[in-house]
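# Fold and geometry: a report
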Amino acid sequence: RDGSSKTGGLGIMLSEHTGCMQVVMTTQDRGAWMDTTGRGLVRSMIHSSFSDGTSSLMGLHAAYQSRVRAGTLDTPFYFWSFAGDGGFTIGAGPIANFFQQGDGLLVVYDNRRYANTGAQVSSTSYPHENLATTPLGSAISGNQFTPRDLIRIAAAHDVGFAATASVANPYDLMEKVRYAINRPGPTFLWVDAPCPKEQGFADNEAIMLAELAVESGAFPLVRYQDGVWAFDYLRSLERTGTPVDLKRFFAKQAKAAHLGK
C-alpha cells in the first residue's frame, strides 16, 4: 500500500480466506472491499494503474495456473476486474486483449463520466451532456461524441457471456455475477451506476434514477450468451403497455434536464 486514504487507480485484491481475487478502486483499509466475510479478515492488496486492470488480472491468472500445474497451490480462486469512471476508455486495448484470451469477470461499474477527476466526458457519456470538457453553450450543445455501446463491443469479441445489469434490479445483478464468475473464459458485466454529485440529484434518489433508466429503455437489461441475444427485463412500455418517458428520466437530473428536450 502507499498509505494514502484514496487511490486514483485500480487495485488487485487477493484472499486465501475467500478464494477470491478482485481488481478494484477502493479507500484502502477503510473500504468495504477489505472485509466482505463478516469475520474481520483483511485482504492484501496490490494497486495497478488505471489503464491496465485487465492486464494485471490476466498476468496473475496465468501465474495462478502455473502454480496449480506445479502443485504449489490448490485453493480455488475467482478472478474479478472492476473498471469505471471512464476506465473502459483508458483501458480499451488491454480489455480487448482480455476479451480475446483472458479468464475471469470484467465488471464495468459505469457512471458515464470521469467522475473521480471532475466529471469529464467518457466513452459512454450521453450525447449533448453538460460535462467539464463538453460544456453546454450557445455555440456547442454539450457532448458531441457518440457513446460506445460496451455490450456490443463485448459481443463483437464473441465472449461466452456478456450482460447489462442495474443496481435497481439486484436479483438480476446477483444472478448474472454468480453465472459469470463460474464460467471459464472471459465474461463481462456492464452495470449502470448513477452519480448523484455529477448528475445532480439527491443521494437517496440513486436507485430511483437507475429504475427510470431501465423502465424508459435508456439502459436495457440484456445478455449475449453463447452467441444469442436475449432481454432479461422488458422496459415499462412492453411489460405494462405504459411507457416511461425519457423526459422524466432526464428531468430528475439537474445537469441533464436539457436532454429531455
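Scope of this entry: the structure provided in the associated data block. Computed from a predicted model, the values in this text were never measured in an experiment.

Turning next to the side chain of Gln 199. By secondary structure assignment, the location of Gln 199 is in helix α6 (residues 196-199). Residue Gln 199 is classed as buried on the basis of its relative accessible area, which comes to 7%. Among the polar contacts made by the side chain of Gln 199, one reaches the side chain of Gln 253 at a distance of 2.7 Å. Once you skip the residues sitting within four places of it in the chain, Gln 199 turns out to touch Asn 111, Arg 113, Pro 194, Gln 253, Ala 254, Lys 255 and Ala 256.

Here we come to the packing of helix α1 (residues 53-70) against helix α3 (residues 92-101). In contact at an axis separation of 8 Å, α1 and α3 are set at 35° when each is read in the N-to-C sense. As for the relative orientation of α1 and α3, their crossing is left-handed in sense. Listed contacts from α3 to Thr 54, Ser 55, Leu 57 and Met 58 of α1 are Pro 94, Ile 95, Asn 97, Phe 98 and Gln 101. Tallied by class, the residues present in the contact of α1 with α3 amount to five nonpolar, four polar and no charged.

Moving on: the pattern of salt bridges. One pass over the structure, following the stated rule, counts 11 salt bridges. Where Arg 223 meets Glu 175, a salt bridge forms, and the shortest distance between an N and an O atom there is 4.0 Å. Taken together, the residues Arg 223 in strand β10 (residues 221-225) and Glu 175 in helix α5 (residues 170-181) connect sequence positions 48 residues apart. The salt bridge involving Asp 232 is made with Lys 176; its shortest N-O contact spans 2.9 Å.

Criteria and thresholds
- Residues numbered from 1 in each chain as written.
- Predicted model: local features only at pLDDT ≥ 70, side-chain atom pairs only at ≥ 80, totals over all residues.
- Heavy atoms only, no water.
- Helix = DSSP H or I, 4+ residues; strand = E, 2+ residues; numbered from the N terminus.
- Buried < 20%, exposed > 50% of the residue type's maximum accessible area, 1.4 Å probe, protein only.
- Polar contact = N/O pair within 3.5 Å; in protein donor to acceptor, adjacent residues only side chain to side chain.
- Contact = heavy atoms within 4.5 Å.
- Axes fitted to C-alpha atoms, helices over the stretch in contact; angles between N-to-C directions.
- Left-handed = near helix turned anticlockwise from the far one by under 90°.
- Nonpolar A, V, L, I, M, F, W, Y, C, P; charged D, E, K, R; others polar.
- Salt bridge = Lys/Arg side-chain N within 4 Å of Asp/Glu carboxyl O.

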